[in-house]
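# Coordinates in review
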Amino acid sequence: MSLPPQSSSNATAADFIRAMSASAQVARSGGQTIGEFLDQLGDGNAWLMALILTLPFIQPLPTGPIATFGGLAFAGIGWRLIRGDESVWLPMRIRSTRPRAMTWNAFSGFGCGLLKIVGRVSRTERMVWLVDAVGRKGAGWLILLGGLLVAVPFLVVPLQNSLPALVIFFACIGRLQRDGVMYLLALLSLVVTLIYFTLVTWVIFFAAEQSWMWLRAFLRG
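Residues numbered from 1 in each chain as written. Predicted model: local features only at pLDDT ≥ 70, side-chain atom pairs only at ≥ 80, totals over all residues. Heavy atoms only, no water.

### A closer look at helix 2 (residues 34–41)
When we look at burial in helix 2, the residues that qualify are Gly35, Phe37, Leu38, Gln40 and Leu41. Taken from the residues just after helix 2, Gly42 is the one with a positive phi, measuring 105 degrees. (Buried < 20%, exposed > 50% of the residue type's maximum accessible area, 1.4 Å probe, protein only. Helix = DSSP H or I, 4+ residues; strand = E, 2+ residues; numbered from the N terminus.)

Right, dumping it as structure tokens:
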């Protein structure tokens with residue numbers, strides 16, 4: 001049994017909820033592979049997958065090396081979106097994997113629940129002029145920049161992953177819902193992230209300079 005894939009040009013959160021529920025039902029009954037599941041979601045599945053994958057990074061605590069690999073993955077997704085490919089690329093070994101029914105139940109329930117929340121906090125076709133101005137490439141650049149900022153190997157600093165992850169989160173919602181307000185929030189998150197990282201960098205260098213001066217004075221007696 002196959003389902004018609006969603007069109008990436010007009011698929012919204014509600015469309016993905018229906019596609020995900022139907023695809024997960026097929027997967028539970030017939031042992032669908034991950035690749036087949038993504039294909040059923042349609043070419044716009046990269047926006048949905050990027051949205052879901054931001055959640056571990058939005059929490060305020062740093063995630064260490066995971067953030068570096070995750071950030072580079074986001075940057076890769078963003079680059080593919082900029083080039084016009086709105087589908088998730090996975091190695092064939094992963095695409096051919098057949099998760100168990102329990103895994104599909106958990107993923108489908110979580111994904112649909114998230115998209116329902118997205119549908120409540122955003123509106124479709126809002127500030128469409130901004131949505132058209134940003135476009136697919138602009139949203140892709142937001143995800144790429146957000147991913148690179150997530151991957152920045154700072155010391156243990158609160159919010160170092162959260163702020164850039166919000167750039168990706170809002171950009172994905174803006175694209176899925178065609179909601180210009182979400183794009184504004186993504187741009188605001190990017191500005192706040194750059195300011196925060198600049199301040200953190202300055203504090204680190206200032207603290208290092210003061211520590212070096214103190215050490216030199218201490219060694220001199």
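### Considerations on unusual backbone geometry
The phi dihedral of Glu125 is positive, around 55 degrees, even though this residue is not glycine. The class for Glu125 is partly exposed, based on a relative accessible area of 46%. Of note, Leu159 is a non-glycine position whose phi angle comes to about 70 degrees, a positive value. Position of Leu159 among the secondary structure elements: in the loop between helix 8 (128–150) and helix 9 (162–177).

### Some remarks on helix 9
With 16 residues, helix 9 ought to run about 22 Å at 1.5 Å a step, and its terminal C-alpha atoms sit 22 Å apart, in line with that. Of all the 16 residues making up helix 9, 15 are buried; the element is thus mostly covered by neighbouring parts of the structure. One or two positions beyond helix 9, positive phi appears at Arg178, with a value near 50 degrees. (Expected span 1.5 Å × (residues − 1).)

### Focus: the confidence of the model for the chain
Of the residues in the chain, 89% reach a pLDDT of 70 or more, and the chain-wide mean stands at 81. Taken together, the stretch residues 1–9 has pLDDT below 50 and engages in 20 contacts with residues farther than four places along the chain or on a different chain. (pLDDT = per-residue confidence, 0-100. Contact = heavy atoms within 4.5 Å.)

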